[in-house]
Amino acid sequence: MLNFGDIPKELLTPSPEFLTASESLGLHWWHWEQDNGKLTLGPGLLEILGLDPATFDHSLESIYKNIHPDDVKSNQERLKKTLYGEEKLYEVEYRVKDKNGEWQWFYNRGMILQHNSEGRPQVFGGITIDISGQFKHLMAMVEEKEKLEFIFRNTHEAILLFEMKDGYASKVLEANKAAMELFKQSDTDLEKQIPKCFIDDEVLGAKGKLFSQLEEKGFAKVEKKMEKGDGKYMWLEVTAHSFTQTGLNLVMAIASDKTSTKRTEEALRESERLYRTLVEAADDCIGLFSVDHEIVLMNSALHEAIGYTKEEYEALNLMELIHPDDVMHVGIMEGVLQREGAMSVDFRAKHKEGHYVHLSSKNVLLPAEKGEDTLILSIMRDDTERKQTIKELQEAKDRAEESDQLKSAFLANMSHEIRTPMNSIIGFSNLLVNPTLEVESRELYVNRIIRNSELLLALITDIIDLAKIESGQLSIIYGKLLFGDLIGDMEQYAKDEVKRLGKEHILIRTVVGRPDCTLETDVIRIAQVMKNLINNAIKFTKSGSVEIGCKEGTGEDTLIFYVKDTGIGIAPEHFDLIFDQFRQIDGSNTRKFGGTGLGLAICKNLIRLMGGRIWVESKVGEGAVFQIELPVKSSNVVLSRDPGQRFQATSNGVTKDLSIMVVDDEEDSLELYRALLSTLGYSVNTAMNGFDALKILERKSMPDLVLMDVSMPVLSGTDTLRIMKERYPEIKVVAQSAHALVGDRDRFLNDGYDEYLPKPFSEEQLSGIIAKLFKD
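Residues numbered from 1 in each chain as written. Predicted model: local features only at pLDDT ≥ 70, side-chain atom pairs only at ≥ 80, totals over all residues. Heavy atoms only, no water.

### Focus: the overall build of the protein chain
Consideration 1: For the protein chain, the helix and strand inventory stands at 26 helices and 27 strands.
Consideration 2: Taken over 776 residues, the protein chain has a buried fraction of 40%.
Consideration 3: Partitioning the contacts of the protein chain with sequence separation of at least 6, the portion at a separation of at least 24 is 53%.
Consideration 4: Entry remark: accessible area of the protein chain is about 44700 Å², with carbon and sulfur atoms responsible for 52%. (Helix = DSSP H or I, 4+ residues; strand = E, 2+ residues; numbered from the N terminus. Buried < 20%, exposed > 50% of the residue type's maximum accessible area, 1.4 Å probe, protein only. Contact = heavy atoms within 4.5 Å. Areas by Shrake-Rupley, 256 points an atom, 1.4 Å probe, with all protein chains shown as cover.)

See below:
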């Protein structure tokens, strides 16, 4: 067995046992003979260094070339010190390049093994141990420690290492520069005194939130708002870990200044609050949607526009609300949004209550951030009211343009309707001047003049009636009327019309279900309407018949009058049009059938004023039925059965030797009065104005009656009336005027006139006024 006391000898001539034992332990022997400079290495060491035993030259230089250049000098110095006896043992660590060309750490330990006869070192030997693994680990630890110390010293975060005793921070073992600056203390002060905030603070103190979490979990993370001075504050985030080392209970606390982060968070929260306030307060509808049309955000304006709450809307889909006619267009524009990132589109969305609202939208694509979804921001404006306004404006524009065209056509038509009878009146009047004219021709011309004058008067009456209706000046005067009487009168009127128009071949029929039944209505106005309908029926009927009748109404206490013809008929789309003023179905009818387009419009308004309705039923080519439905009223007033006269056309009971003065500034009017009154057998005086009339009254005997024109120069009729009534109260004065609106008669009577005679008037009306004032 190998004796360790024999090891120095074994280094000179190792035995097989020594080689086996040393190599197995990682010990590699070597010795150097100083006299001949021979270096001998063990086989294991030769193998590590990659040296061939056959070619190894056994010189020190051969081994030094494998030693790291930085380690050669220290190795040689240690070797010399040992050889010179300055050190007993040769110990050195150095790097040697192995067979793979990599630097490995070795530990050499040697001594003088043999001296010569002179006592000088002759043989020097020892062992080499491969310490690369341990040394690298140690160096790694050193480097890691240096790194940690560098980070500890230079980080901007404050780091404190506490020693804990009895649950309290007893002292600071380590603190970096950032900690000293944060707590306004030097490293010496930190060792003597724990920062105050770690003693009694409710968050960081011994009984605070930080140490409570440490005791419970071994880890803690808290936030603390701390005063910096000058009224300023800072936010600290403190992270702490507790651990045990070398028998000590330690806590490492890392304090980070989060003031900037906190301010940013507060700014973001404030910005979000403002943003949400602005979005909510906006009049426009604002919504945030996913690309699949799912709602992310919607403001109140959008809720109000479509009527759905967010929860109700989430159960639906935007595409389900879009009007079917707009779905395709919206889909196309969504493709534009995906390609270009923005687009505008107008569409109709269905409101919760069922109607559609017009929305005008601008849309922006918000690309997805990492881990988020792509969104669509839509800003929509409820355009329903604007669209409706535009529609109404367009309709109004169309109506105005149509009205302008109608008025132009009406004026042309009116010119024709006025000039045609005027042409006959003037023409035949000129012919009457011929003194050689035969009596028969003279009578014919006079009748033509009378007929055309009546046509002209009817036209003027229609225009005045329409003006009265539009200005609210036309009133309805109710009285009782027998069905039989009205239908009988209308039958006679129809027969007169077919004769006048040369259409005697048209059959006139009447139907009266209850001839003795009475209706309370305006007798004159219902007759006016019926005559208009009869006249139209005859005018538009070439052959066949015209039927005039009355029957029970569609409702309780209503009656229907109707006029049915076999004429040209009316298309259904024109049923409403014909009741509009100035309108006729075809402008060409103006020349073919005559008329101004006012008649049915007047009829419609008169019937409306009487509380009834008028309508037409017809087919083109099969004639038409115009029907009037009126409510039945109750009254004790009974008007004359002749709806064409307001006064009895008779002078019975009136003396013929009445003296009458006519005051008028128009010579033609004076001449007309002279002729009419003389024909009636009365004595007549005339004056051109009120002043002349008063002068005549002073010179001549008093007249029984004065017919006073209201509007005259020099002295008006009303001013003249006041003087007359003061001086000659027994004279009766009748106002004559072309003013014939509602209220004019009452106004003149209130001024003191005894009666009122509107222009134009007939001989019968003039006679009726006189009869009323001077009946025996």
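Picking up after the structure, the text goes on.
### Some words on unusual backbone geometry
Consideration 1: Within the chain, H58 stands out as a residue other than glycine whose phi angle is a positive 60°.
Consideration 2: Structurally, the position occupied by H58 is in the loop between α3 (43-49) and α4 (60-64).
Consideration 3: Looking at H58, the relative accessible area reads 25%, which means it is partly exposed.
Consideration 4: You will see that V714, though not glycine, has its phi angle at about 70°, which is positive.
Consideration 5: Residue position: V714 is located in the loop between β25 (705-709) and α24 (717-727).

### Considerations on the pattern of salt bridges
Consideration 1: A complete count under the given rule lists 25 salt bridges for this structure.
Consideration 2: Taking the shortest distance from any N to any O, the salt bridge between R500 and E497 comes out at 2.8 Å. Of the two residues, R500 and E497 are both situated in helix α18 (residues 483-500); the distance of three residues between them amounts to about one turn of the helix.
Consideration 3: Given a relative accessible area of 34%, R500 falls into the partly exposed group.
Consideration 4: Bridged by salt links that share partners, the residues K221, E237 and K258 form one connected network. (Salt bridge = Lys/Arg side-chain N within 4 Å of Asp/Glu carboxyl O.)

### What about the pairing of strand β10 (residues 248-257)?
Consideration 1: Relative to β10, strand β6 (residues 158-165) runs antiparallel, the two sharing six bridges. Across the sheet, the residue bridging to A158 is A255, located in β10.
Consideration 2: Sheet topology places strand β9 (residues 232-245) next to β10; ten bridges connect them, and they run antiparallel. In the sheet register, S242 faces β10, and the bridge partner there is V251.
Consideration 3: Here β9 folds back onto β10 in antiparallel fashion, the turn holding two residues, of which T246 has a positive phi close to 50°. (Pairing = 2+ DSSP bridges.)

### Focus on the sheet that holds strand β20 (residues 558-565)
Consideration 1: Pairing within the open sheet is mixed, and its five strands lie in the order β17-β19-β20-β22-β21. With one partner strand each, in any of the chains shown, β17 (507-512) and β21 (613-618) form the two edges of the open sheet. The sheet shows a mean angle of 15° between the axes of neighbouring strands, direction not considered.
Consideration 2: One ladder, built from seven bridges, connects β20 with strand β22 (residues 624-631); its direction is antiparallel. Residue pairing for β22: L559 is matched across the bridge by L630.
Consideration 3: Its contacts with the sheet place α18 against β17, β19 (545-552) and β20, and it is angled at close to 175° to β17.
Consideration 4: The sheet contacts of helix α19 (residues 523-539) involve β19, β20, β21 and β22, and relative to β20 the element is tilted by about 25°. (Axes fitted to C-alpha atoms, helices over the stretch in contact; angles between N-to-C directions.)

### Looking at helix α10 (residues 209-217)
Consideration 1: Of all the residues in α10, the buried ones are L210, F211, Q213 and L214. For α10, the angular spread of buried residues about the axis comes to 160°, placing them on one side. Among the exposed residues of α10, those oriented more than 90 degrees off its buried face are E215 and E216.
Consideration 2: Two residues or fewer past α10, G218 is found with a positive phi of approximately 80°. (Arc of directions from axis to C-beta.)

### A few points about a negative patch on the surface
Consideration 1: On the surface, D292, E294, E311, E314, E369, E372 and D373 cluster together into a patch of negative charge.
Consideration 2: Looking at the element boundaries, E372 is found in the loop between β14 (356-366) and β15 (375-382). (Patch = residues over 30% accessible without salt bridge, like charges linked within 9 Å, V, L, I, M, F, W, Y side chains within 5 Å. Lys, Arg positive; Asp, Glu negative; His and termini not counted. Charge placed at Lys NZ, Arg CZ, Asp CG, Glu CD.)

### Remarks on the sheet that holds β15
Consideration 1: Strand order in the open sheet made by the five strands is β12-β11-β15-β14-β13, with antiparallel pairing throughout. One side of each edge strand has no neighbouring strand; the edge strands of this open sheet are β12 (295-298) and β13 (342-350). When strand polarity is set aside, the average angle formed by the axes of neighbouring strands in this sheet is 25°.
Consideration 2: Across three bridges, strand β11 (residues 285-290) lies against β12 in antiparallel orientation. Residue pairing in the sheet places G287 in a bridge with M298 of β12.
Consideration 3: Its contacts with the sheet put helix α15 (residues 327-340) on β13, β14 and β15, and the angle it makes with β13 is roughly 155°.

### Concerning the packing of α19 against helix α21 (residues 599-609)
Consideration 1: The geometry of α19 relative to α21 is characterised by a closest axis approach of 10 Å and an angle of 150° between their N-to-C directions. Note on packing geometry: the crossing formed by α19 with α21 is left-handed. Mapping the contact onto sequence places R525, I526, Q528, V529, N532, L533 and N536 in α19 and G599, L600, I602, C603, L606 and I607 in α21.
Consideration 2: The residue makeup of the contact of α19 with α21, split by class, is eight nonpolar, four polar and one charged. (Left-handed = near helix turned anticlockwise from the far one by under 90°. Nonpolar A, V, L, I, M, F, W, Y, C, P; charged D, E, K, R; others polar.)

### Thoughts on the nonpolar core
Consideration 1: Ranked by size, the top nonpolar core spans 49 residues in total, and within it F561 and F626 carry the most contacts.
Consideration 2: Put simply, the parts of the chain that give this core at least two residues each are α17 (439-471), α18, α19, β19, β20, α21, β21 and β22.
Consideration 3: Among the elements that take part in this core, α19 stands out by supplying nine residues, more than any other.
Consideration 4: Beyond its immediate sequence surroundings of up to four residues, F626 is in contact with L533, F561, Y562, V563, I570, I578, F579, L600, W615 and V616. (Core = buried A, V, L, I, M, F, W, Y, C linked by side-chain atoms within 4.5 Å.)

### What about the side chain of N532?
Consideration 1: Within the secondary structure layout, N532 lies in helix α19.
Consideration 2: Sequence-distant contacts of N532, defined by excluding residues within four places in its chain, comprise G599, L600 and C603.

### Here's the deal with the packing of aromatic side chains
Given two aromatic rings, their pairing is described by the distance between the two centres and the angle made by the two planes.
Consideration 1: Scanning all chains against the criterion turns up eight aromatic pairs.
Consideration 2: Taking 5.8 Å as the distance between ring centres and 45° as the angle between the ring planes, the aromatic pair formed by W30 and F124 counts as tilted. On the criterion of sequence distance, the pair formed by W30 in strand β1 (residues 27-33) and F124 in strand β5 (residues 121-130) is long-range, its members being 94 residues apart.
Consideration 3: Its relative accessible area of 8% is what places W30 among the buried residues.
Consideration 4: Residue class for F124 comes out buried when judged on its relative accessible area of 2%.
Consideration 5: Judged by centre distance (5.2 Å) and plane angle (35°), the ring pair of F428 and Y445 falls under tilted. Of this pair, F428 sits in helix α16 (residues 384-432) while Y445 sits in helix α17, and the two are 17 residues apart along the sequence.
Consideration 6: Here Y445 falls in the buried class, since its relative accessible area comes to 16%.
Consideration 7: These aromatic residues form a ring-pair network of at least three members: W30, Y90 and F124. (Phe/Tyr/Trp six-rings, centres within 6.5 Å; stacked < 30°, edge-to-face > 60°.)

### Comments concerning the environment of D462
Consideration 1: Relative to the assigned elements, D462 resides in helix α17.
Consideration 2: C-alpha separation for the pair D462 and L598, spaced 136 residues apart in sequence, amounts to 7.0 Å.
Consideration 3: Discounting residues that sit within four places of it in the chain, D462 has contacts with Q528, L598 and I602.

### Quick look at the side chain of N452
Consideration 1: Topologically, N452 is positioned in helix α17.
Consideration 2: Residue contacts for N452: discarding those within four places in its chain leaves T420, P421, S424 and I425.

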